[in-house]
Amino acid sequence: MGAFIEVTETGGPEVLKLAQRDVPTPGAGEALVRQTAIGLNYIDVYFRTGLYPAPSMPFTPGMEGAGVVEAVGEGVTVVKPGDRVAYASAPVGAYAEERLIAADRLMIVPEGISDDEAAAMMLQGMTAQYLLRQTFKVKAGNTVLFHAAAGGVGLIAGQWGKSLGATMIGTAGSPEKMELAKANGYDHVINYRDEDFVERVMEITGGAKCDVVYDSVGKDTFPGSLDCLKTRGMWASFGQSSGKLPDVDLGILAAKGSLFATRPTLFNYIATRSQLEETAGDLFEVVQSGAMKIAINQTFPLADAKGAHEALEGRRTVGSTLLKP
Ligand SMILES: NC(=O)c1ccc[n+]([C@@H]2O[C@H](COP(=O)([O-])OP(=O)(O)OC[C@H]3O[C@@H](n4cnc5c(N)ncnc54)[C@H](OP(=O)(O)O)[C@@H]3O)[C@@H](O)[C@H]2O)c1
(Lines give C-alpha, C1' and ligand atoms only; values in the text may rest on other atoms or scores of the structure.)
Protein backbone atom coordinates (compact mmCIF):
# COMPACT_ATOMS: atom_id res chain seq x y z
CA MET A 1 0.00 0.00 0.00
CA GLY A 2 1.10 3.58 -0.60
CA ALA A 3 -0.11 6.96 0.65
CA PHE A 4 -1.43 9.60 -1.73
CA ILE A 5 -3.48 12.79 -1.65
CA GLU A 6 -6.97 12.56 -3.04
CA VAL A 7 -9.27 15.44 -4.03
CA THR A 8 -12.92 14.38 -4.33
CA GLU A 9 -14.32 17.91 -4.80
CA THR A 10 -12.63 21.20 -5.71
CA GLY A 11 -12.35 23.88 -3.04
CA GLY A 12 -10.06 25.23 -0.31
CA PRO A 13 -6.91 23.54 1.01
CA GLU A 14 -9.07 21.28 3.22
CA VAL A 15 -10.07 19.20 0.16
CA LEU A 16 -6.53 17.72 0.09
CA LYS A 17 -7.07 14.42 1.94
CA LEU A 18 -4.56 11.66 2.65
CA ALA A 19 -5.61 8.17 1.47
CA GLN A 20 -4.04 4.74 0.83
CA ARG A 21 -4.03 2.61 -2.31
CA ASP A 22 -2.34 -0.48 -3.76
CA VAL A 23 0.95 0.24 -5.51
CA PRO A 24 0.11 0.33 -9.25
CA THR A 25 1.84 -1.74 -11.95
CA PRO A 26 3.31 0.10 -14.96
CA GLY A 27 1.70 -0.49 -18.34
CA ALA A 28 3.40 -0.17 -21.75
CA GLY A 29 5.57 2.96 -21.90
CA GLU A 30 5.14 3.72 -18.20
CA ALA A 31 7.46 3.77 -15.19
CA LEU A 32 6.63 3.33 -11.51
CA VAL A 33 8.53 5.95 -9.49
CA ARG A 34 9.03 5.73 -5.70
CA GLN A 35 9.11 9.43 -4.91
CA THR A 36 11.49 10.91 -2.37
CA ALA A 37 10.41 14.53 -2.89
CA ILE A 38 7.48 16.29 -4.56
CA GLY A 39 7.58 19.90 -5.80
CA LEU A 40 4.80 22.31 -4.80
CA ASN A 41 3.68 24.71 -7.52
CA TYR A 42 1.07 27.39 -7.92
CA ILE A 43 -0.58 25.38 -10.70
CA ASP A 44 -1.52 22.83 -8.00
CA VAL A 45 -3.70 25.55 -6.44
CA TYR A 46 -5.44 26.22 -9.79
CA PHE A 47 -6.35 22.52 -10.10
CA ARG A 48 -7.46 22.28 -6.46
CA THR A 49 -9.79 25.28 -6.75
CA GLY A 50 -11.13 24.17 -10.14
CA LEU A 51 -9.73 27.21 -12.04
CA TYR A 52 -8.06 24.56 -14.22
CA PRO A 53 -10.31 21.52 -14.73
CA ALA A 54 -8.78 18.25 -13.44
CA PRO A 55 -8.72 15.42 -15.99
CA SER A 56 -10.84 13.24 -13.67
CA MET A 57 -12.61 13.36 -10.33
CA PRO A 58 -11.41 12.28 -7.82
CA PHE A 59 -7.85 13.24 -8.71
CA THR A 60 -4.38 13.48 -7.17
CA PRO A 61 -2.74 16.91 -7.65
CA GLY A 62 0.88 17.66 -8.41
CA MET A 63 3.05 17.86 -11.52
CA GLU A 64 6.61 17.53 -10.24
CA GLY A 65 8.69 15.04 -8.33
CA ALA A 66 11.92 13.12 -7.95
CA GLY A 67 12.77 9.61 -6.81
CA VAL A 68 13.82 6.17 -7.95
CA VAL A 69 12.41 4.03 -10.76
CA GLU A 70 10.98 0.85 -9.19
CA ALA A 71 9.67 -0.87 -12.31
CA VAL A 72 9.07 -0.17 -15.98
CA GLY A 73 6.44 -1.39 -18.46
CA GLU A 74 6.87 -2.89 -21.89
CA GLY A 75 8.92 -0.94 -24.42
CA VAL A 76 10.55 1.48 -21.97
CA THR A 77 14.15 2.27 -22.88
CA VAL A 78 14.85 5.77 -21.52
CA VAL A 79 15.02 4.63 -17.86
CA LYS A 80 15.48 1.38 -15.91
CA PRO A 81 14.79 0.22 -12.35
CA GLY A 82 17.18 1.87 -9.91
CA ASP A 83 17.64 5.09 -11.91
CA ARG A 84 17.39 8.36 -10.01
CA VAL A 85 14.88 10.49 -11.93
CA ALA A 86 12.87 13.71 -11.85
CA TYR A 87 10.07 15.22 -13.90
CA ALA A 88 7.70 18.13 -14.38
CA SER A 89 4.81 16.91 -16.42
CA ALA A 90 1.09 16.59 -16.96
CA PRO A 91 -1.05 14.75 -16.07
CA VAL A 92 -1.52 15.57 -12.39
CA GLY A 93 -0.71 12.83 -9.87
CA ALA A 94 2.54 13.76 -8.11
CA TYR A 95 1.19 13.99 -4.53
CA ALA A 96 1.88 10.30 -3.80
CA GLU A 97 4.54 8.01 -2.36
CA GLU A 98 4.51 6.07 -5.62
CA ARG A 99 3.11 7.01 -9.00
CA LEU A 100 2.97 5.88 -12.59
CA ILE A 101 4.18 8.25 -15.29
CA ALA A 102 5.01 8.08 -19.00
CA ALA A 103 8.67 7.06 -18.96
CA ASP A 104 9.62 9.50 -21.72
CA ARG A 105 8.74 12.41 -19.38
CA LEU A 106 11.50 11.36 -16.92
CA MET A 107 14.98 12.83 -16.83
CA ILE A 108 17.90 11.08 -15.15
CA VAL A 109 19.13 13.37 -12.34
CA PRO A 110 22.83 14.10 -12.86
CA GLU A 111 25.51 13.72 -10.17
CA GLY A 112 25.81 16.70 -7.87
CA ILE A 113 22.07 17.45 -7.88
CA SER A 114 20.12 15.98 -4.94
CA ASP A 115 16.62 14.52 -5.19
CA ASP A 116 15.30 17.46 -3.18
CA GLU A 117 16.93 20.00 -5.49
CA ALA A 118 15.63 18.16 -8.55
CA ALA A 119 12.06 18.05 -7.20
CA ALA A 120 12.29 21.74 -6.32
CA MET A 121 13.57 22.92 -9.69
CA MET A 122 12.16 20.87 -12.55
CA LEU A 123 8.96 22.87 -13.01
CA GLN A 124 10.06 26.29 -11.77
CA GLY A 125 13.55 25.98 -13.27
CA MET A 126 12.42 24.81 -16.71
CA THR A 127 9.88 27.65 -16.62
CA ALA A 128 12.65 30.16 -15.94
CA GLN A 129 14.65 28.51 -18.75
CA TYR A 130 12.00 28.83 -21.45
CA LEU A 131 10.92 32.33 -20.34
CA LEU A 132 14.44 33.79 -20.34
CA ARG A 133 16.04 31.65 -23.08
CA GLN A 134 13.18 30.98 -25.49
CA THR A 135 10.06 33.20 -25.10
CA PHE A 136 12.23 36.32 -25.04
CA LYS A 137 15.95 35.65 -25.41
CA VAL A 138 17.41 37.76 -22.62
CA LYS A 139 20.86 39.12 -23.36
CA ALA A 140 23.40 41.49 -21.82
CA GLY A 141 22.10 45.04 -21.78
CA ASN A 142 18.41 44.10 -21.54
CA THR A 143 16.26 45.46 -18.73
CA VAL A 144 13.86 42.86 -17.33
CA LEU A 145 10.92 43.26 -14.94
CA PHE A 146 10.04 40.02 -13.14
CA HIS A 147 7.02 40.03 -10.80
CA ALA A 148 6.89 37.87 -7.61
CA ALA A 149 10.70 37.90 -7.60
CA ALA A 150 11.01 36.07 -4.26
CA GLY A 151 8.78 33.18 -5.36
CA GLY A 152 9.81 29.79 -6.68
CA VAL A 153 10.18 30.81 -10.33
CA GLY A 154 11.24 34.31 -9.28
CA LEU A 155 14.38 33.40 -7.33
CA ILE A 156 15.61 31.12 -10.10
CA ALA A 157 14.86 33.71 -12.81
CA GLY A 158 16.71 36.46 -10.90
CA GLN A 159 19.93 34.45 -10.75
CA TRP A 160 19.61 33.27 -14.34
CA GLY A 161 18.83 36.70 -15.78
CA LYS A 162 21.73 38.24 -13.89
CA SER A 163 24.10 35.57 -15.20
CA LEU A 164 22.99 36.50 -18.75
CA GLY A 165 24.03 40.11 -18.12
CA ALA A 166 20.58 41.70 -17.87
CA THR A 167 19.54 44.42 -15.44
CA MET A 168 16.99 42.59 -13.29
CA ILE A 169 14.13 44.52 -11.67
CA GLY A 170 11.90 42.48 -9.37
CA THR A 171 8.72 43.05 -7.39
CA ALA A 172 7.99 41.43 -4.04
CA GLY A 173 5.41 41.71 -1.27
CA SER A 174 7.45 42.40 1.89
CA PRO A 175 10.80 43.86 3.02
CA GLU A 176 12.11 40.33 3.82
CA LYS A 177 11.16 39.13 0.34
CA MET A 178 12.86 42.20 -1.17
CA GLU A 179 16.11 41.32 0.64
CA LEU A 180 15.94 37.74 -0.56
CA ALA A 181 15.32 38.81 -4.15
CA LYS A 182 18.33 41.15 -3.96
CA ALA A 183 20.48 38.25 -2.80
CA ASN A 184 19.29 36.25 -5.82
CA GLY A 185 20.26 38.38 -8.78
CA TYR A 186 17.85 41.33 -8.72
CA ASP A 187 19.55 44.72 -9.08
CA HIS A 188 16.42 46.60 -7.98
CA VAL A 189 13.43 45.32 -6.02
CA ILE A 190 10.11 47.14 -5.64
CA ASN A 191 7.63 46.41 -2.86
CA TYR A 192 4.51 46.43 -5.03
CA ARG A 193 2.22 46.31 -2.01
CA ASP A 194 3.47 49.72 -0.80
CA GLU A 195 4.77 51.42 -3.93
CA ASP A 196 3.45 52.13 -7.43
CA PHE A 197 5.63 49.72 -9.42
CA VAL A 198 5.10 51.58 -12.72
CA GLU A 199 6.41 54.83 -11.22
CA ARG A 200 9.35 53.03 -9.65
CA VAL A 201 10.27 51.33 -12.95
CA MET A 202 10.24 54.75 -14.65
CA GLU A 203 12.56 56.12 -11.95
CA ILE A 204 14.92 53.14 -11.96
CA THR A 205 15.25 53.10 -15.75
CA GLY A 206 15.32 56.91 -16.14
CA GLY A 207 12.20 56.63 -18.30
CA ALA A 208 13.74 54.06 -20.67
CA LYS A 209 11.52 51.21 -19.35
CA CYS A 210 11.93 47.45 -19.90
CA ASP A 211 12.53 45.16 -22.85
CA VAL A 212 10.41 42.41 -21.32
CA VAL A 213 8.01 41.99 -18.41
CA TYR A 214 7.40 38.51 -17.02
CA ASP A 215 4.07 38.62 -15.19
CA SER A 216 2.67 35.69 -13.21
CA VAL A 217 0.59 37.82 -10.84
CA GLY A 218 -2.14 38.57 -13.37
CA LYS A 219 -5.12 40.63 -12.21
CA ASP A 220 -3.31 42.95 -9.77
CA THR A 221 -0.41 43.85 -12.09
CA PHE A 222 -2.55 44.47 -15.18
CA PRO A 223 -2.38 46.84 -17.03
CA GLY A 224 0.56 48.34 -15.09
CA SER A 225 2.94 45.76 -16.53
CA LEU A 226 2.27 47.11 -20.05
CA ASP A 227 3.22 50.63 -18.93
CA CYS A 228 6.66 49.31 -17.89
CA LEU A 229 7.53 48.27 -21.46
CA LYS A 230 9.53 50.05 -24.14
CA THR A 231 7.94 50.46 -27.57
CA ARG A 232 7.75 46.96 -29.10
CA GLY A 233 8.59 45.34 -25.77
CA MET A 234 7.35 41.88 -24.80
CA TRP A 235 4.69 41.14 -22.19
CA ALA A 236 4.91 37.49 -21.12
CA SER A 237 1.82 36.79 -19.02
CA PHE A 238 2.50 33.35 -17.55
CA GLY A 239 0.30 33.07 -14.46
CA GLN A 240 -2.44 34.57 -12.30
CA SER A 241 -1.61 34.17 -8.61
CA SER A 242 -3.76 37.25 -7.78
CA GLY A 243 -6.66 36.20 -10.02
CA LYS A 244 -7.58 35.84 -13.66
CA LEU A 245 -6.90 38.70 -16.08
CA PRO A 246 -9.86 40.60 -17.49
CA ASP A 247 -10.60 40.03 -21.18
CA VAL A 248 -7.88 41.97 -22.97
CA ASP A 249 -8.68 44.06 -26.06
CA LEU A 250 -5.65 43.69 -28.37
CA GLY A 251 -5.96 47.39 -29.21
CA ILE A 252 -4.28 48.11 -25.87
CA LEU A 253 -1.03 46.72 -27.32
CA ALA A 254 -1.05 49.35 -30.08
CA ALA A 255 -1.99 52.13 -27.67
CA LYS A 256 0.89 51.27 -25.36
CA GLY A 257 3.57 51.07 -28.06
CA SER A 258 3.13 48.18 -30.55
CA LEU A 259 3.78 45.68 -27.77
CA PHE A 260 4.15 41.94 -28.21
CA ALA A 261 2.11 39.75 -25.88
CA THR A 262 2.31 36.05 -25.21
CA ARG A 263 0.60 33.69 -22.76
CA PRO A 264 3.09 30.81 -22.63
CA THR A 265 2.95 27.56 -20.71
CA LEU A 266 5.83 25.22 -19.92
CA PHE A 267 4.13 22.15 -21.33
CA ASN A 268 4.16 23.61 -24.86
CA TYR A 269 7.91 24.18 -24.57
CA ILE A 270 8.73 20.62 -23.45
CA ALA A 271 6.16 18.79 -25.57
CA THR A 272 8.67 16.54 -27.36
CA ARG A 273 11.41 14.42 -25.82
CA SER A 274 14.11 16.51 -27.52
CA GLN A 275 12.59 19.78 -26.24
CA LEU A 276 12.44 18.31 -22.73
CA GLU A 277 16.06 17.13 -22.90
CA GLU A 278 17.25 20.49 -24.20
CA THR A 279 15.35 22.55 -21.61
CA ALA A 280 16.16 20.30 -18.62
CA GLY A 281 19.74 19.84 -19.86
CA ASP A 282 20.32 23.60 -19.92
CA LEU A 283 18.87 23.90 -16.39
CA PHE A 284 21.00 21.05 -15.01
CA GLU A 285 24.11 22.55 -16.60
CA VAL A 286 23.56 25.99 -15.04
CA VAL A 287 22.90 24.47 -11.60
CA GLN A 288 25.90 22.14 -11.84
CA SER A 289 28.12 25.07 -12.85
CA GLY A 290 27.32 26.73 -9.50
CA ALA A 291 25.90 29.84 -11.23
CA MET A 292 22.50 29.17 -9.66
CA LYS A 293 21.33 27.84 -6.29
CA ILE A 294 17.94 26.23 -5.75
CA ALA A 295 16.47 27.59 -2.52
CA ILE A 296 14.28 25.02 -0.74
CA ASN A 297 12.80 27.19 1.96
CA GLN A 298 9.74 25.22 3.08
CA THR A 299 9.28 21.47 3.53
CA PHE A 300 5.98 19.85 4.53
CA PRO A 301 5.10 16.18 5.04
CA LEU A 302 2.93 14.89 2.17
CA ALA A 303 0.18 14.30 4.75
CA ASP A 304 0.12 18.10 5.35
CA ALA A 305 -0.42 19.15 1.73
CA LYS A 306 -3.19 21.34 3.15
CA GLY A 307 -0.67 23.33 5.23
CA ALA A 308 1.60 23.71 2.20
CA HIS A 309 -1.24 25.11 0.06
CA GLU A 310 -2.29 27.50 2.83
CA ALA A 311 1.26 28.84 3.04
CA LEU A 312 1.62 29.23 -0.75
CA GLU A 313 -1.71 30.96 -1.25
CA GLY A 314 -1.18 33.06 1.89
CA ARG A 315 2.02 34.50 0.32
CA ARG A 316 4.01 33.03 3.23
CA THR A 317 6.49 31.03 1.12
CA VAL A 318 9.70 32.15 -0.56
CA GLY A 319 11.64 30.20 -3.18
CA SER A 320 10.70 26.54 -3.64
CA THR A 321 8.59 24.28 -1.42
CA LEU A 322 8.71 20.49 -1.11
CA LEU A 323 6.28 17.86 0.07
CA LYS A 324 8.05 14.81 1.56
CA PRO A 325 6.36 11.40 1.31
N1 LIG B 1 2.95 29.37 -17.52
C2 LIG B 1 3.87 28.59 -17.02
O3 LIG B 1 4.54 27.85 -17.76
C4 LIG B 1 4.11 28.59 -15.54
C5 LIG B 1 5.00 27.67 -14.97
C6 LIG B 1 5.28 27.77 -13.61
C7 LIG B 1 4.67 28.75 -12.83
N8 LIG B 1 3.78 29.59 -13.42
C9 LIG B 1 3.12 30.66 -12.66
O10 LIG B 1 4.15 31.42 -12.06
C11 LIG B 1 3.71 31.91 -10.82
C12 LIG B 1 4.73 31.57 -9.77
O13 LIG B 1 4.66 30.17 -9.49
P14 LIG B 1 5.40 29.59 -8.23
O15 LIG B 1 4.98 28.18 -8.11
O16 LIG B 1 6.85 29.92 -8.34
O17 LIG B 1 4.72 30.43 -7.05
P18 LIG B 1 5.38 31.56 -6.12
O19 LIG B 1 5.88 32.68 -7.00
O20 LIG B 1 6.34 30.93 -5.20
O21 LIG B 1 4.13 32.03 -5.29
C22 LIG B 1 3.23 32.97 -5.80
C23 LIG B 1 3.65 34.39 -5.37
O24 LIG B 1 2.83 35.30 -6.08
C25 LIG B 1 2.77 36.49 -5.35
N26 LIG B 1 1.39 37.01 -5.29
C27 LIG B 1 1.01 38.23 -5.71
N28 LIG B 1 -0.29 38.42 -5.47
C29 LIG B 1 -0.75 37.30 -4.88
C30 LIG B 1 -2.02 36.91 -4.38
N31 LIG B 1 -3.08 37.72 -4.44
N32 LIG B 1 -2.16 35.68 -3.82
C33 LIG B 1 -1.10 34.85 -3.75
N34 LIG B 1 0.14 35.16 -4.21
C35 LIG B 1 0.31 36.38 -4.77
C36 LIG B 1 3.28 36.20 -3.92
O37 LIG B 1 4.54 36.81 -3.79
P38 LIG B 1 4.61 38.32 -3.17
O39 LIG B 1 4.05 38.22 -1.78
O40 LIG B 1 6.03 38.67 -3.21
O41 LIG B 1 3.74 39.17 -4.05
C42 LIG B 1 3.42 34.69 -3.91
O43 LIG B 1 4.45 34.25 -3.06
C44 LIG B 1 2.29 31.38 -10.60
O45 LIG B 1 1.37 32.35 -11.05
C46 LIG B 1 2.27 30.18 -11.52
O47 LIG B 1 0.98 29.85 -11.95
C48 LIG B 1 3.49 29.53 -14.76
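Residues numbered from 1 in each chain as written. Predicted model: local features only at pLDDT ≥ 70, side-chain atom pairs only at ≥ 80, totals over all residues. Heavy atoms only, no water.

### Here's the deal with the overall build of the protein chain
In step 1: Helix and strand counts for the protein chain come out as 10 helices and 15 strands.
In step 2: Here the protein chain has a C-alpha radius of gyration of 20 Å; the compact-globule value for 325 residues is 20 Å, and the two agree.
In step 3: Across its three principal directions, the C-alpha atoms of the protein chain cover 60 × 40 × 35 Å.
In step 4: Of the contacts formed within the protein chain by residues at least 6 apart in sequence, a portion of 69% connects residues at least 24 apart.
In step 5: Total accessible area on the protein chain is roughly 13200 Å²; 50% of this is exposed by carbon and sulfur atoms. (Helix = DSSP H or I, 4+ residues; strand = E, 2+ residues; numbered from the N terminus. Rg over C-alpha atoms; globule rule 2.2 N^0.38 Å. Contact = heavy atoms within 4.5 Å. Areas by Shrake-Rupley, 256 points an atom, 1.4 Å probe, with all protein chains shown as cover.)

### Considerations on the pairing of strand β4 (residues 64-72)
In step 1: Pairing analysis gives seven bridges linking strand β3 (residues 30-40) to β4, with the strands arranged antiparallel. Bridged to valine 33 within β4 is valine 69. (Pairing = 2+ DSSP bridges.)

### Some points on helix α10 (residues 305-313)
For an α-helix, the turn length of 3.6 residues means that residues three or four places apart are oriented alike.
In step 1: Listing the buried residues of α10 in full gives Ala305, Gly307, Ala308, His309, Ala311 and Leu312.
In step 2: In the segment just after α10, arginine 315 is the residue with positive phi, at about 60°. (Buried < 20%, exposed > 50% of the residue type's maximum accessible area, 1.4 Å probe, protein only.)

### Points about the environment of threonine 221
In step 1: For threonine 221, the location among the structural elements is in the loop between β11 (210-215) and α6 (224-227).
In step 2: Residue threonine 221 is classed as buried on the basis of its relative accessible area, which comes to 2%.
In step 3: What threonine 221 contacts, discounting residues up to four positions off in sequence, is His147, Tyr192, Phe197 and Asp215.
In step 4: Side-chain polar atoms of threonine 221 contact the side chain of aspartate 215, separated by 2.7 Å. (Polar contact = N/O pair within 3.5 Å; in protein donor to acceptor, adjacent residues only side chain to side chain.)

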